[in-house]
Amino acid sequence: MSQQYSADSAPKSALVTVADRRDWWRDAVIYQVYPRSFADSNGDGMGDLEGVRSRLPYLRDLGVDAVWLSPFYASPQADAGYDVADYRAVDPMFGNLLDADALIRDAHELGLRIIVDLVPNHSSDQHEWFKRALAEGPGSPTRERYHFRAGQGENGELPPNDWESIFGGPAWTRVTEPDGTPGEWYLHLFAPEQPDFDWDHPAVGDEFRSVLRFWLDMGVDGFRIDVAHGLVKAEGLPDLGSHEQLKLLGNDVMPFFDQDGVHEIYRQWRLVLDEYSGDRIFVAEAWTPTIERTANYVRPDELHQAFNFQYLSTHWDAEELRACIDRTLDAMRPVGAPATWVLSNHDVTRHATRFANPAGLGTQIRLAGDRELGLRRARAATLLMLALPGSAYLYQGEELGLPDVVDLPDEVRQDPAYFRGAGQDGFRDGCRVPIPWDREGSSYGFGGGGSWLPQPAGWGELSVEAQTGAAGSTLELYRAALAARSEQADLGAGDRVEWLKAPEGVLAFRRGAFVCTANTGGEAATVRAYGRVLLASGEVTVTDDGEAKVPADATVWWIAD
Ligand code: GLC
């Protein structure tokens, strides 16, 4: 007789917290909260810290180890909080320092760690330092903390070099000097409201080490470092010499990205962090040309983890995935850092939508594609990711299988890239729509009022309420996977996988008594039954002769009987 296993068939048992475990981060599952869009406690349509605090039990029950919060600091919100005006204050729209304190304390009581976002590459143009630099004029020492330069051309009317902003347009803006004349230019790799610090100036390093201490004293368990690859610029700010910056980004070391000098900064930061008890961590957002260069950020005296953007950019394709997994593990082993795995975040199209579209469109897509296919692959990709050794990052709402909202009307868009035209087109709003908690009600339980980006009709069917306890739901699949990952198979441990022979389009690997088979092909595949089905993202049929039929785009977790 053949046996049918439905999705998320893993037994559920009490969750074990990792609060006291050393090196907890090596295999941690870390959940990214985007505070604007997670939960709104005061009904103003904008998520806030109190909202996050009220939902911590949900995250504990989901089974994650830590929560990374995108910025909630005082900010004019030109780039959704990645433009910080005061690194030691909470923006009133998110609450205040007492709320941050309560959130950290509650999280710890629940066995969850808190990682905050640190934005050291640039400040807001409303930061005190920048305001003073503008007011004090050319030649003033306050200008030396940023990159102010005279323009080129007869009257300084041309930017100092040819660098472009990541959001499109020149990376330089000309200021009007205090006497009313057009004057110097300042560098901003992102929006004009985000002037880049000059990390050659000692005051910048002093300030950030002090900011680190401020949040460490508040009790945070670590930092996600924004644009960690950008702090140091090549000596003399040389021209790129190419009009193809967008194509070069991510493929080459740039004069403004991934310069070797950044590593000295992180060595100094590591010394600060290590003064504190409690096994706290740094994770780098470092977009580098290769995973081997990413590994430089996690050498033993630098940071603990770096996001694996190569993995995030890999298509749903067995060969490509295997190559990326091997290369990642090989790159991390010599430096002794855990691999990390990530499929979605607040800057890319959600993986349920990426995988709904043909491969090769990149990570910035505004097409709905085939949603059913996308969800099937997203679920399978998640089970594959959670079976790999190392640490995994989840982005809020992916546990609900949320797609990107691809049809936001122009008038609600907020992504600064949307307004800069020449570069990207503002695709990031699509993954930032507030998440649905309830089936019905205003903003589907996000808060009592509206939501800062409109939620699509039908969002309630994807809500936490609708999926809780529903057999086969994506939320229950995540819960079962996280419980099984830590309790039954210790999947995050180690630094290697043993590949098994598998039909074309199928990935199969062993980790002790555990085996993972992921069918990335468009057809059902027959694989060996490697024991009992621990969990599956689709319907798998095991026959008496020791074989199993795995449907297209499905992953199965096996455990030896
Ligand atoms: C990082 C953030 C992104 C932000 C940018 C500038 O890439 O993840 O959201 O726009 O840095 O701070």
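Cut-offs used in this document
- Residues numbered from 1 in each chain as written.
- Predicted model: local features only at pLDDT ≥ 70, side-chain atom pairs only at ≥ 80, totals over all residues.
- Heavy atoms only, no water.
- UniProt positions renumbered as here; feature names shortened; annotations may be inferred.
- Helix = DSSP H or I, 4+ residues; strand = E, 2+ residues; numbered from the N terminus.
- Rg over C-alpha atoms; globule rule 2.2 N^0.38 Å.
- Buried < 20%, exposed > 50% of the residue type's maximum accessible area, 1.4 Å probe, protein only.
- Contact = heavy atoms within 4.5 Å.
- Areas by Shrake-Rupley, 256 points an atom, 1.4 Å probe, with all protein chains shown as cover.
- Domains from an automatic or database assignment.
- Salt bridge = Lys/Arg side-chain N within 4 Å of Asp/Glu carboxyl O.
- Nonpolar A, V, L, I, M, F, W, Y, C, P; charged D, E, K, R; others polar.
- Expected span 1.5 Å × (residues − 1).
- Polar contact = N/O pair within 3.5 Å; in protein donor to acceptor, adjacent residues only side chain to side chain.
- Pairing = 2+ DSSP bridges.
- Axes fitted to C-alpha atoms, helices over the stretch in contact; angles between N-to-C directions.
- Near = heavy atom within 4 Å.
- 1 Å grid on protein atoms, 1.4 Å probe; cavity = no way out; pocket = protein on both sides within 12 Å on 5 of 7 lines; lining within 4 Å.
- Sits in = over half its atoms within 2 Å of the grid points.
- Parallel < 35°, antiparallel > 145°, perpendicular 65-115°, else oblique.

Looking at an unreviewed UniProt entry, one finds the protein chain named Alpha-glucosidase, with Streptomyces dioscori as its source organism. UniProt annotates the protein chain under Sequence similarities (unreviewed entry) with the comment "Belongs to the glycosyl hydrolase 13 family."

Asker: Tell me what's going on with the overall build of the protein chain, and back it up with residues and numbers.
Answerer: Within the protein chain, the secondary structure is distributed over 15 helices and 22 strands. Against the 2.2 N^0.38 benchmark of 24 Å for 561 residues, the protein chain shows a C-alpha radius of gyration of 24 Å, consistent with a compact globule. Reported as C-alpha extents along the three principal axes, the dimensions of the protein chain are approximately 85 × 45 × 45 Å. Burial statistics for the protein chain: of 561 residues in total, 61% are counted as buried. Sequence-distant contacts in the protein chain: of pairs separated by 6 or more residues, those separated by 24 or more amount to 69%. Split by element, the accessible area of the protein chain, about 20,800 Å² in all, is 49% carbon and sulfur.

Asker: Which residues make up the domain arrangement of the protein chain, and what are the values?
Answerer: How big an interface is tends to be reported as the loss of accessible area on association of its parts. Once the domains are mapped, the protein chain shows domain 1 (24–121 + 201–482) and domain 2 (128–187). Taken over C-alpha atoms, the centre of domain 1 sits 31 Å from the centre of domain 2. Linking domain 1 to domain 2 there are zero salt bridges. Counting residues per element, the ones that place at least two in the side of domain 1 that touches domain 2 are helix 5 (202–218) and helix 13 (416–420). Here the residues of the side of domain 1 that touches domain 2 sort into 13 nonpolar, seven polar and six charged.

Asker: Outline helix 10 (residues 318–332), listing residues and values.
Answerer: In this model, helix 10 (15 residues) spans 21 Å end to end at C-alpha, consistent with the 21 Å of a helix rising 1.5 Å per residue. Contact partners of the buried residues in helix 10: helix 8 (291–295), helix 9 (309–312), strand 13 (340–342), helix 12 (371–386), strand 15 (498–499) and strand 16 (506–511). Measuring from the side-chain oxygen of the N-cap residue of helix 10 to the backbone nitrogen of glutamate 319 gives 3.2 Å; that N-cap residue is aspartate 317.

Asker: Any details on helix 15 (residues 474–487)? Residues and values, ideally.
Answerer: Helix length check: helix 15 (14 residues) gives 20 Å between terminal C-alpha atoms against 20 Å at 1.5 Å per residue, within 8%. Here helix 15 lies mainly inside the structure; 12 of its 14 residues are buried. Residues Thr474, Leu475, Glu476, Leu477, Tyr478, Arg479, Ala480, Ala481, Leu482, Ala483, Ala484 and Arg485 constitute the buried set of helix 15.

Asker: Describe the sheet that holds strand 19 (residues 532–536), with residues and values.
Answerer: Read from one edge of the open sheet, five strands run 15-16-17-22-19, paired in antiparallel fashion. Of all the strands in the sheet, just strand 15 and strand 19 have a single pairing partner and so form its edges. Bridging between strand 19 and strand 22 (residues 554–559) involves four bridges; their strand directions are antiparallel. Looking across to strand 22, one finds that arginine 532 is bridged to isoleucine 559. In the packing of helix 10 onto the sheet, contacts are made with strand 15 and strand 16, and the angle to strand 16 comes to roughly 35°. Each of strand 16, strand 17 (514–519), strand 19 and strand 22 is contacted by helix 12, which is oriented at about 35° to strand 22, the strand it contacts most.

Asker: Go over the sheet that holds strand 13, please, and point to the residues and values.
Answerer: Judged by pairing direction, the sheet is parallel, and its eight strands sit side by side in the order 12-11-10-6-3-2-14-13 without closing on themselves. Each edge of the open sheet is held by one strand with a lone partner, namely strand 12 (305–306) and strand 13. Packing of helix 5 onto the sheet brings it into contact with strand 6 (113–118), strand 10 (222–225) and strand 11 (281–284), and relative to strand 6 it is tilted by some 155°.

Asker: Give a description of the side chain of threonine 517 that names residues and reports values.
Answerer: Summarising the element assignment, threonine 517 is placed in strand 17. Contact partners of threonine 517, with chain neighbours within four places excluded, come to Leu507, Ala508, Val527, Tyr530, Ala554, Thr555, Val556 and Trp558.

Asker: Outline the site of the ligand, supporting the account with residue identities and numerical values.
Answerer: Neighbouring the ligand are 14 residues; Asp79, Asp226, Glu285, His346 and Asp347 lie closest to it. Histidine 122 is positioned such that a nitrogen or oxygen atom in its side chain is 2.9 Å from an oxygen atom of the ligand. Measuring from an oxygen atom of the ligand, one finds a side-chain N or O atom of aspartate 226 at 2.8 Å. Notes on the ligand: free accessible area 310 Å², of which the protein chains cover 96%. Of the pockets mapped on this structure, the ligand occupies the largest pocket.

Asker: Can you lay out the packing of helix 12 against helix 15 for me, pointing to particular residues and giving the numbers?
Answerer: Relative orientation of the contacting elements helix 12 and helix 15 amounts to 10°, with a least axis distance of 10 Å. With respect to their mutual orientation, helix 12 and helix 15 come out roughly parallel. Packed against helix 12, whose contacting residues are Leu375, Arg379, Thr382, Leu383, Met385 and Leu386, the element helix 15 presents Thr474, Leu477, Tyr478, Ala481, Leu482 and Arg485 at the interface. For the contact of helix 12 with helix 15, a count of residues per class yields eight nonpolar, two polar and two charged.

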